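Observations on chain architecture
The residues making up each chain are set out below.
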Amino acid sequence: MFRRNGQQHVTRLDIDHDKCYSCGACVAVCPPDSLFLSKLTLQVDDTTCTRCNRCVAMCPVHALALTPVESLVS
Ligand code: SF4
Ligand code: SF4
């Protein structure tokens, strides 16, 4: 578990860049504008992402996932 902006998160948003084709659909639905395209590569601002899951549900090619942080530590 780690803490950002006073919030504790047990997940992290992961982007599968092999699947993502930079359509921008996820960027449009992110409430805190945590997603952005930089030279057509999707990036996430982990410090503002609230893990709301909207982008994960929106992606037509399932390129996004909220991954448990614990599984990333080992
Ligand atoms: S999980 Fe929610 S807050 Fe985080 S990047 Fe996706 S839409 Fe934005
Ligand atoms: S909705 Fe999916 S394919 Fe489109 S930019 Fe977001 S992650 Fe990439």
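One can find the structure itself at the top, above this paragraph.
Now for a description of the structure that goes with this document. (Residues numbered from 1 in each chain as written. Chains lettered and ligands numbered in written order. Predicted model: local features only at pLDDT ≥ 70, side-chain atom pairs only at ≥ 80, totals over all residues.)

1. Points about the overall build of the protein
Spelled out, the test is: A run of H or I in DSSP counts as a helix once it spans at least four residues, and a run of E counts as a strand once it spans at least two, with each numbered from the N terminus. Whether a residue is buried, exposed or partly exposed follows from its count of other C-beta atoms within 10 Å of its own C-beta, namely 20 or more, 12 or fewer, or something in between, respectively; the C-beta atoms are built from the backbone. Working definition of a contact: two residues with C-beta atoms, positioned from the backbone, lying within 7 Å.
If you tally the helices and strands in the protein, you get three helices and six strands. Along the protein, helices (α) and strands (β) appear in the sequence β-β-β-α-β-β-α-β-α when read from the amino end. Taking all 74 residues of the protein together, 15% fall into the buried category. Within the protein, contacts between residues at least 6 apart in sequence are counted, and of these 62% link residues at least 24 apart.

2. Observations concerning the site of ligand 2
Convention followed: By definition, a residue lies near a molecule or strand when the C-beta atom built from its backbone is within 6 Å of it. Under the grouping applied here, Gly and all other residues not named as nonpolar or charged are polar, the nonpolar ones being Ala, Val, Leu, Ile, Met, Phe, Trp, Tyr, Cys and Pro and the charged ones Asp, Glu, Lys and Arg.
With respect to spatial proximity, 13 residues lie near ligand 2, and among them Cys20, Cys23, Cys26, Cys59 and Ala63 are the closest. Across the shell around ligand 2, the residue classes break down as eleven nonpolar, two polar and no charged.

3. Points about the site of ligand 1
The local shell around ligand 1 holds 15 residues, among which Cys30, Cys49, Cys52, Arg54 and Cys55 are the closest. Residues that form the shell around ligand 1 fall into these classes: ten nonpolar, three polar and two charged.

4. Brief notes about the environment of Phe36
The topology assignment puts Phe36 in strand 4 (residues 35-38). Looking at Phe36, the number of C-beta atoms within 10 Å reads 13, which means it is partly exposed. A sequence separation of twelve residues divides Phe36 from Gly24, and the C-alpha atoms of the two residues are 8.0 Å apart. In contact with Phe36, other than residues within four places in its own chain, are Val27 and Gln43.

5. Focus: unusual backbone geometry
A positive phi angle, near 65°, is found at Leu40, a position not held by glycine. Position of Leu40 among the secondary structure elements: in the loop between strand 4 and strand 5 (41-44). Given 9 C-beta atoms within a 10 Å radius, Leu40 is considered exposed. For Asn53, which is not glycine, the phi torsion reads 80° and is therefore positive. Of note, Asn53 is situated in the loop between strand 5 and helix 2 (54-58).

6. Notes on the nonpolar core
The test is simple: By convention the nonpolar core is taken to be a set of buried residues drawn from Ala, Val, Leu, Ile, Met, Phe, Trp, Tyr and Cys and joined through C-beta atoms within 7 Å.
Counting residues in each nonpolar core, the largest one holds ten residues, listed as Leu13, Cys26, Cys30, Leu35, Leu42, Cys49, Cys55, Cys59, Ala63 and Leu64. Once residues lying within four places of it in the same chain are set aside, the contact partners of Cys55 are Cys26, Val29, Cys30, Leu35 and Leu64.

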